[in-house]
Amino acid sequence: MTKDIKKYDFKTGLPQEFEIVDLTELYTKSKHILTQVHRAGFYHIIWFEDCHVTHWVDFVPIKIKSKSLLFLNKDVVHRFDDKEKVKGKVLLFTDGFFCKTESDAKFLRQSVLFNDLLEVSPLELQNQTTRYDTILQLMTEEIEMVKDGFQSGILQNLLHTFLLISEREKLKQNFTNIKKDADLDYVLLFKDILETNFADQKQVKFYAKALIITEKRLNQATSKVFGKTPKEIIDNRIVLEAKRILAHTTESIKEIGYGLGFDEPTNFIKYFKKHASVTPTEFREQN
């Protein structure tokens, strides 16, 4: 039987789709879940207060120091370190909670904090934690109050402030800012369309047509924003999904190839080796 990558939805029954969880308590209750590869349909902000751990995000080990924040987009495949002593907090929220307007949705999509076309890296705060502690305390106090007509807006505004301060700090740490212009808009729209079509559509012309622009214009946008061609981004997304399925399920090579739109297993094997430098079987054995 195929073992799928476990996906978790946001906890039901809470007043808001927003939660602050103590990391030590979470490890105590759910370490077996955290330390297994999984994905969640909501956003994570992990505040590593006192620990030196490794957090795995899609086969990439991210070294975490104390007083660091890690921002994880929804649906990313990841797992926590299995060390015992981990101190901190996790902020969890959904699009439904944060995106009250189109402007809110655009902010999340354009943010350097959650953009999964960029390298995932921790935000090291060192001694600059006072503002974060203050906002986190205000959030905690608000959550503990009886829900009324103001609570959702207050929490969303506090979270928005938390994210804005984090973006500012991220850009101070030698992180290249992404100019918010038409090129970025095209790239983000391309990414959204790619996410739902990569298994069936592998040609740049399909995505350019969907965006009502030329292939040349799309290439200009992706090259400027991320230094990659549209074809490279398409190939990277397909190979990433193949790696996820190879490493975390028991699907056969043939099944994986068909699922990703390859008519023949040999075509999938050649494609994977070209982009991953190893065959699917070799990758599965290594992971």
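Rules behind the numbers
- Residues numbered from 1 in each chain as written.
- Predicted model: local features only at pLDDT ≥ 70, side-chain atom pairs only at ≥ 80, totals over all residues.
- Heavy atoms only, no water.
- Helix = DSSP H or I, 4+ residues; strand = E, 2+ residues; numbered from the N terminus.
- Contact = heavy atoms within 4.5 Å.
- Phe/Tyr/Trp six-rings, centres within 6.5 Å; stacked < 30°, edge-to-face > 60°.
- Buried < 20%, exposed > 50% of the residue type's maximum accessible area, 1.4 Å probe, protein only.
- Salt bridge = Lys/Arg side-chain N within 4 Å of Asp/Glu carboxyl O.
- Core = buried A, V, L, I, M, F, W, Y, C linked by side-chain atoms within 4.5 Å.
- Pairing = 2+ DSSP bridges.

Asks: What is the right way to read the environment of Gly227 from this model?
Replies: The topology assignment puts Gly227 in the loop between helix 8 (215-226) and helix 9 (230-248). For the pair Gly227 and Thr54, spaced 173 residues apart in sequence, the C-alpha to C-alpha distance is 28 Å. Not counting the four nearest positions on each side in its chain, Gly227 is found in contact with Thr222 and Glu232.

Asks: Got a minute to help me understand the packing of aromatic side chains in this structure?
Replies: Remark: the centre distance and the inter-plane angle together describe each pair of aromatic rings, the angle taken between the planes. Inspection of every chain in the model, using the stated rule, returns 17 aromatic pairs. With centroids separated by 5.4 Å and ring planes inclined at 85°, the aromatic side chains of Phe10 and Phe42 adopt a geometry described as edge-to-face. Of the two residues, Phe10 is situated in the loop between strand 1 (6-8) and strand 2 (18-22) and Phe42 in the loop between strand 3 (38-40) and strand 4 (43-50); the sequence distance between them amounts to 32 residues. Judged by its relative accessible area of 9%, Phe42 is buried.

Asks: Can you walk me through the pattern of salt bridges in this structure?
Replies: A pair can form between side chains of opposite charge whenever their charged atoms are brought close. In the structure shown here, the tally under the stated rule is 17 salt bridges. Between Arg109 and Asp192 there is a salt bridge, and its shortest N-O distance comes to 2.9 Å. Residue Arg109 is found in helix 3 (residues 102-110), and its partner Asp192 is found in helix 6 (residues 182-197); the two are separated by 83 residues along the sequence. Among the residues examined, Arg109 registers a relative accessible area of 30% and is labelled partly exposed. Taking relative accessible area as the criterion, Asp192 reaches 36% and is therefore assigned partly exposed. The residue Glu169 makes a salt bridge to Lys172 at a minimum N-O spacing of 3.6 Å. You can see Glu169 and its partner Lys172 sitting in helix 5 (residues 151-172), three residues apart, about one turn around the helix. By relative accessible area, which is 3% here, Glu169 ends up buried.

Asks: When you look at the nonpolar core in this model, what are you seeing that I'm missing?
Replies: When a protein is soluble and globular, its nonpolar side chains tend to lie buried together. Formed by 35 residues in total, the largest nonpolar core has its most connected members in Ile45, Phe93, Met139, Leu159 and Leu163. Among the elements that take part in this core, helix 5 stands out by supplying six residues, more than any other. Not counting residues within four places of it along the chain, the set of residues in contact with Leu163 comprises Ile45, Phe71, Phe98, Phe107, Leu108, Leu113 and Phe114. In this structure, Leu194, Leu211, Ile238 and Ile256 belong to the second largest nonpolar core, which totals 29 residues.

Asks: Which parts of the structure should I look at to understand the pairing of strand 9 (residues 87-93)?
Replies: Looking along a regular strand, one sees side chains alternate from face to face of the sheet. The buried fraction of strand 9 is high, at five of seven residues. Pairing geometry for strand 2 and strand 9, over five bridges, is antiparallel. Within strand 9, the residue paired with Asp22 across the bridge is Lys89. Pairing of strand 4 with strand 9 involves seven bridges; the strand directions are antiparallel. What sits directly across from Asp50, in strand 9, is Lys87.

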